[in-house]
Amino acid sequence: MRQTPRKLCLSLAFCTGTTLAAAQTNPPAVGPGGGAALRPPPPPDTTLTRQQADQGRDAMIAPLKISYGRKSQEWTAPKLAGLPHETMQVMDGRTQETATFSGVPLMALLVELGVPQKLKGKDFRLYVVAEGRDGNKVVYSLGEISPDVHDGSVLLADSIDGKPLADNSGPIELICSGERRPARWVHGVISIKVQAAD
């Protein structure tokens, strides 16, 4: 009966010594006032892959609506990505560097709405009005868009040099070749309407 308290006391002494040694080895941080310093919590992990960020951006932007008569279709950058693409190389007049755009020919999407693929007669009365998010509007005749008539290309671009377009240009940009400067390009195009001249 007398040995039990001795074992208990030895155990308590051993535990107390171990605790003190640990405290001396890793002393708590002390603040300016002598108290324990408060450590700020680690910042939240907000890392997103580029693809996730682009998808989130595209989800908040209105899709591109293309209409001809009573027919219309809506397109987003992910939907365009699944269609056959063409490339267009453009020289930047300021930097003298060449950029490669990739996109879907606008004529291919117009044909899906019933626009004639090979123009003739009254088809040349048709034109499109393209509008961007900033309210900028430009006009193209259908003859300028049709590869059957015009050597230049009119694309709905969704990438440049293999990367998605920047926020101020994309997610979809209407671009064209065969002109001296990109005066009729439409950043962030959201609407394309096919109309007929009187």
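Note that the coordinates shown come from a computational prediction; the quantities given were computed from them, not determined experimentally.

Explain the packing of aromatic side chains here, please?
Each aromatic ring pair is summarised here by two numbers: the centre-to-centre distance and the angle between the ring planes. On inspection of all chains with the given rule, the structure shows one aromatic pair. For the ring pair Phe101 and Trp185, a centre distance of 5.4 Å and an interplane angle of 90° mean the geometry is edge-to-face. Placement of Phe101 in strand 4 (residues 98–105) and of Trp185 in the loop between strand 9 (173–176) and strand 10 (189–196) is noted, with a sequence separation of 84 residues between them. Cation over ring: Lys79 sits above Trp75, and NZ or CZ is 5.0 Å from the ring centre. Above the plane of the ring of Tyr140 lies Arg184, whose end atom (NZ or CZ) is 4.2 Å from the centre.

Whenever I open this one, the sheet that holds strand 1 (residues 64–68) confuses me. Can you help?
For sheets, the rule is that strands pair by backbone hydrogen bonds, running either parallel or antiparallel. In space, the five strands of this open sheet follow the order 2-1-10-5-6, with mixed pairing throughout. Strands with a single pairing partner mark the edges of an open sheet, and in this sheet they are strand 2 (71–75) and strand 6 (137–141). Direction aside, the axes of adjacent strands within the sheet are offset by 15° on average. Two strands pair when backbone bridges link them, and strand 1 and strand 2 are joined in this way by five bridges, in the antiparallel orientation. In the strand pairing of strand 2, Lys65 is matched with Glu74.

What is the right way to read the pattern of salt bridges from this model?
Any two side chains of opposite charge can pair, on the condition that their charged atoms come close. If you walk through the whole model with that rule in mind, you get three salt bridges. A salt bridge links Asp148 to Lys118; the shortest N-O distance between them is 3.3 Å. Of this pair, Asp148 sits in the loop between helix 5 (142–145) and strand 7 (154–160) while Lys118 sits in the loop between helix 4 (106–112) and strand 5 (126–132); the two residues are 30 residues apart in sequence, bridging distant segments of the chain. The class for Asp148 is partly exposed, based on a relative accessible area of 41%. With a closest N to O distance of 2.3 Å, Glu179 and Arg184 form a salt bridge. With a relative accessible area of 34%, Glu179 lands in the partly exposed category. Each member of the salt-bridge network shares a partner with another, and the members are Glu144, Glu179 and Arg184.

I tried to follow unusual backbone geometry on my own but got confused; where do I start?
Both trends apply: most residues other than glycine have a negative phi, and most peptide bonds are in trans. With an omega of 5°, the peptide bond running from Gly170 to Pro171 counts as cis. Tracing the backbone through its elements, the reader meets Pro171 in the loop between strand 8 (163–164) and strand 9. Not every positive phi belongs to a glycine, and Asp161 is a case in point at roughly 50°. The topology assignment puts Asp161 in the loop between strand 7 and strand 8.

Conventions used here
- Residues numbered from 1 in each chain as written.
- Predicted model: local features only at pLDDT ≥ 70, side-chain atom pairs only at ≥ 80, totals over all residues.
- Heavy atoms only, no water.
- Phe/Tyr/Trp six-rings, centres within 6.5 Å; stacked < 30°, edge-to-face > 60°.
- Helix = DSSP H or I, 4+ residues; strand = E, 2+ residues; numbered from the N terminus.
- Lys NZ or Arg CZ within 6 Å of the ring centre and 35° of its normal.
- Pairing = 2+ DSSP bridges.
- Axes fitted to C-alpha atoms, helices over the stretch in contact; angles between N-to-C directions.
- Salt bridge = Lys/Arg side-chain N within 4 Å of Asp/Glu carboxyl O.
- Buried < 20%, exposed > 50% of the residue type's maximum accessible area, 1.4 Å probe, protein only.

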